[in-house]
Structures are given as structure tokens and as C-alpha cells.
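# Summary of the model geometry
Read off the chains here:
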Amino acid sequence: MPTLSVFMDVPMAHKLEGHLLKSYKQDGNHDKMFLAYRVCLNEDGHPWVSPVVKKILLQIAQDPSLNYEYTDGMGMKSFIQASLELLFGRHSQAIVENRVGGVHTVGDSGAFHLGARFLRTWRRDSKVVYIASFQKALHGPVFQDMGFTVHEYTLWDPKQMCMDLNILINVMKQAQHGSIFAIGNVADLNLTQSQWTKLMSTMKRKQIFPFFDVPSQGFSSGDPNEDCKILRYFVTEGFEFFCSQSLSKNFGIYDEGVGVLVVVTVNNQYLQRVLSQMVKFANDLWFNPPTLGPRIITSILCSPSLQGEWKYSLKRVVENMMLIKEKVKEKLRLLGTPGSWDHITDQKGTHSYLGLNSQQLEYLVKKKHIYIPTNGRINFTSINASNIDYITQSINEAVLFTMGSEKFLQK
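### A short note on the overall build of the protein
- Along the protein, the regular secondary structure elements total 16 helices and 13 strands.
- Against the 2.2 N^0.38 benchmark of 22 Å for 411 residues, the protein shows a C-alpha radius of gyration of 23 Å, consistent with a compact globule.
- Expressed as lengths along the three principal axes of its C-alpha atoms, the size of the protein is roughly 70 × 70 × 55 Å.
- Within the protein, residue pairs in contact and separated by at least 24 positions form 73% of the contacts whose partners lie at least 6 positions apart.
- Put simply, the protein shows about 20900 Å² of open surface, and 53% of that area lies on carbon and sulfur atoms.

### Focus on the packing of helix 2 (residues 51-61) against helix 13 (residues 304-334)
- With their axes 8 Å apart at the nearest point, helix 2 and helix 13 run at an angle of 145° to one another. Seen from helix 2, the contacting residues are Pro51, Val52, Lys55 and Ile56; seen from helix 13, they are Leu306, Glu309, Trp310 and Ser313.
- Along the lines of polarity and charge, the residues of the contact of helix 2 with helix 13 split into five nonpolar, one polar and two charged.

### A few points about the sheet that holds strand 8 (residues 209-214)
- With mixed pairing, seven strands are arranged side by side in an open sheet as 2-10-9-8-7-3-4. Of all the strands in the sheet, the pair left with one neighbour each is strand 2 (100-106) and strand 4 (149-154). Taken pair by pair, the neighbouring strands of this sheet meet at an average axis angle of 20°, ignoring direction.
- Inspection of the sheet shows strand 3 (residues 128-133) paired to strand 7 (residues 180-183) by four bridges, in the parallel sense. By the bridge assignment for strand 7, Tyr130 is matched with Phe181.

### Observations concerning the confidence of the model for the protein
- Confidence in the prediction for the protein averages 92 pLDDT; 97% of positions are at 70 or higher.
- Here residues 407-411 scores under 50 on pLDDT; set against residues more than four positions off or in separate chains, the count is zero contacts.

### Quick look at helix 5 (residues 110-122)
- Look at helix 5: 18 Å from first C-alpha to last across 13 residues, which is about the 18 Å you get at 1.5 Å a residue.
- Within helix 5, the full set of buried residues consists of Gly110, Ala111, Phe112, Leu114, Gly115, Ala116, Phe118 and Leu119.

### Some thoughts on the nonpolar core
- Phe88, Leu189, Leu231, Phe241 and Phe242 are the most contacted members of the largest nonpolar core, which has 118 residues in total.
- When residues in this core are grouped by element, the largest group, nine residues, is from helix 13.
- With sequence-adjacent residues up to four places away left out, Phe241 is seen in contact with Phe88, Phe209, Pro210, Phe212, Leu231, Phe234, Val235, Val262, Val263 and Val264.

### Structural notes on the packing of aromatic side chains
- One pass over the full model with this rule turns up 22 aromatic pairs.
- Relative to Phe242, the ring of Phe118 lies with its centre 5.7 Å away and its plane at 65°, an arrangement referred to as edge-to-face. Of this pair, Phe118 sits in helix 5 while Phe242 is found in strand 9 (residues 241-246), placing the two residues 124 residues apart along the sequence. The same class applies to Phe118 and to Phe242, which are both buried.
- Ring geometry for Trp196 versus Phe234: centroids 5.7 Å apart, planes at 90°, classification edge-to-face. Here Phe234 lies in helix 10 (residues 229-236) and Trp196 lies in helix 8 (residues 193-206), a separation of 38 residues in the sequence. Per residue, the accessibility class of Trp196 equals that of Phe234, and both read buried.
- Its guanidinium or amino end placed over the ring of Tyr24, Lys32 lies 4.6 Å from that ring's centre, counting from NZ or CZ.
- Of note, Arg295 hangs over the ring of Tyr68, and the distance from its end group to the ring centre comes to 5.0 Å.

### Concerning unusual backbone geometry
- Of note in this structure, Phe287 is not a glycine but carries a positive phi near 60°.
- Among the secondary structure elements, Phe287 is positioned in the loop between helix 11 (268-285) and helix 12 (292-301).
- At His369, a residue that is not glycine, the phi angle is positive and equals roughly 60°.

### Section: the side chain of Gln360
- Looking at the secondary structure, you find Gln360 in helix 15 (residues 358-368).
- When residues no more than four places from it in sequence are discounted, the contact partners of Gln360 are Ala398, Val399 and Thr402.

### Observations regarding the packing of helix 3 (residues 77-88) against helix 10
- Look at helix 3 against helix 10: their axes get within 8 Å of each other, and the N-to-C directions meet at 95°. Here helix 3 is positioned roughly perpendicular relative to helix 10, judged by the angle of their axes. Touching Leu86, Leu87 and Phe88 of helix 3 are Leu231, Arg232 and Val235, all from helix 10.
- Residues that form the contact of helix 3 with helix 10 fall into these classes: five nonpolar, no polar and one charged.

Rules of the game
Residues numbered from 1 in each chain as written. Predicted model: local features only at pLDDT ≥ 70, side-chain atom pairs only at ≥ 80, totals over all residues. Heavy atoms only, no water. Helix = DSSP H or I, 4+ residues; strand = E, 2+ residues; numbered from the N terminus. Rg over C-alpha atoms; globule rule 2.2 N^0.38 Å. Contact = heavy atoms within 4.5 Å. Areas by Shrake-Rupley, 256 points an atom, 1.4 Å probe, with all protein chains shown as cover. Axes fitted to C-alpha atoms, helices over the stretch in contact; angles between N-to-C directions. Nonpolar A, V, L, I, M, F, W, Y, C, P; charged D, E, K, R; others polar. Pairing = 2+ DSSP bridges. pLDDT = per-residue confidence, 0-100. Expected span 1.5 Å × (residues − 1). Buried < 20%, exposed > 50% of the residue type's maximum accessible area, 1.4 Å probe, protein only. Core = buried A, V, L, I, M, F, W, Y, C linked by side-chain atoms within 4.5 Å. Phe/Tyr/Trp six-rings, centres within 6.5 Å; stacked < 30°, edge-to-face > 60°. Lys NZ or Arg CZ within 6 Å of the ring centre and 35° of its normal. Parallel < 35°, antiparallel > 145°, perpendicular 65-115°, else oblique.

Structure (C-alpha cells):
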């Protein structure tokens, strides 16, 4: 008689974007391209790593004085301090007043897991979470699993081919009193000072708790300080908030999954209380965070010369990415591709929307073997000198083909 498994009722989970990558790998066409990589790529099409990281890795490997003892639940204190100074500035008044702290987290979503668990335990009246980002975020399921009611909003308007920041403002107006508001990649928001002031006024009046996401500081503008000026504005205005600070992508150590859950409070007494509870939760979740990634980052950020090299490498990546966007737009213009393509260069960051409809995306995948997510948001660092002509010509074909199909359907 066969033994019944206790797992017999467990279904196979759906993989996010897994089908796209699987289809790409199974495609035998030699011209195939995958434009949905999460990592930043260099000009040769390989994962980008800041050159200074390789220097530090060699030093760490040859350092006989390193102690590989367990850290406490909070993680490496020197790493957390360096990360906070990167986010808020070394001479930040909040850091001087010791009302800013953090806990070393694991992976891109570790900070959201830790923050959501804390809020569910100690802010029981906050049952609703609003999430606004440039694409469907991965944080929704985290809050849902904790029992929150989640409302997600995408800021990209596919009809106008631009970011509709009115969505953010309108959601804030309708948000429940005492709710939580998670804002994805705050560095890419192009709100004016007046808009931010109105937004903050509504948040204060409704006692809305902000939870920011900074997934790749420096990759929006090329300047880490510029990318975080809005967060610093919230600090000066007296807000308390959480922030998920991921430090893997902007150093090029993707597989290390290095992050910090940043906590900002009104004074040190409250900070210490919050962090003490955070450490208890962190011990339950992962007990001891890995230290190789934090050692690399701390060594770089604590050395003025190495930090300067790192910032320069970030700037180079962003400048090259902006140049690629300009070239894509110009090549489409020279090809006579119908429509305006200004939205390509108007967007910040490594990942941006092409502004193609579902029929055009399907054409690119099936006819040209160019694999793009169904939302049309691609990694522009995937485009380089060797493939830009094929990609732009294929986009032109896709647009013209679908226009022909529409005309045919109208007859």
C-alpha cells in the first residue's frame, strides 16, 4: 500500500516572470535577447560590479585578523552606521541626535518582512497598507501574509506614457487615517517641492506612517546624495518612518542580498525601544545575518578614497545608461517610427517603460525573439552597441506591423 505524503495537497507556486526567462532559454534563435534582467549589466552584457568591490574582496581574503564570530541580531554596527550616513549624510542632524538607527536585513525583501511584522505587532490599529510604485511591487504579498489589507497602485500611465503622480496624491487624499503608505523607489519620483509639501501635510493630518523603498541609491541620478534628498526632507520635517535600504545592486554584489531596515523616530528613547523589538524579530527570522557583503560595503564607505571611486563608477553607469536611452530615441526617430519617444529619456533609473502595447510586445517576442515583460518595462543596461540596431529596428517593425493590423481591422 503506497504511503500518502503530508504534502500531497501542496500546489506548485507560480514563478514571477519565470515563464519569460524559461521561454528565452529554450529559444534556439541566435538573435534572441532578454531585456528583463534585474541586475545592472556592463557594456559587454555581463553583470556590472563596481571595480572597487574587487579590490576589497582581495583584501578580505588576505586579512588574517578577521573574526568570523556570530554578530548580534542587529548585525554589524559599523556597516549600519555607514549605511545610515550614506542615506542621510554624515552630518545629518538626526544622526547627531541619535534618533536614526537600523537593523541589517537579508535579501531585497527582508526589510519589508521585518518592518511589516513590527507594525502588525505594535501598531495594531494600522490595518490598511497602500503601495504606490512604478510597477507591481513585490511587497504586497509580504503585508498580505501579515494580515494587512493591501491596495496597490502603479504610477505609470500607459496611455499618456508618463508617470501619473496625481495617482500618488489622490491615493493619499483617500487613504484611511492611521494607515501605512509604502512608496517604491522614492528616488524616481519627480514631484515638485509644492507637491511634496501638500503630500506631507496630508500625511501628518491623517497620521499616515511612511515606509520608503530605496532599492539602488545612486542609480537614478548618478549621485547617491541627490537620490535621497526627499528622505532627508522628511527627516527635517519631523516624520517618523521606516525605509528599506538595499545595498546589493548599487555595489554590484547582487547575490549577497545586503539590506538595512532604517528606523527614524522623534528621539533616541523611542529609537532604542523600536530597535530592541526589531532585534527580537530578526533573531526569529534569520538569527545571524551574513557579513561578507556588509564587510565589503563598510570598507568602501569608511574610506574617502574608495568611496570616491565607488561614486565615480556609479556615475559612469548612469551616464552610459542615459546615453543608451538617448540613442534608442534618436534611432527610432531616424527610422521614422510613429509616435513620440520622449518618455524613454524622461524616465529615471536602469529600468524604464518602452511604451509599447501588448500586441507590439507579442510581436517582439514571437517574431524578433526579444523577450520583454508584459508590462513593457525593460532593463536599459541590457542594450549596448552590439544589439541596439537590432532592437530599435525590431521596435520600428512592431509598431508599423500593429498599425497595419489596426488599419486592416478598421476596413
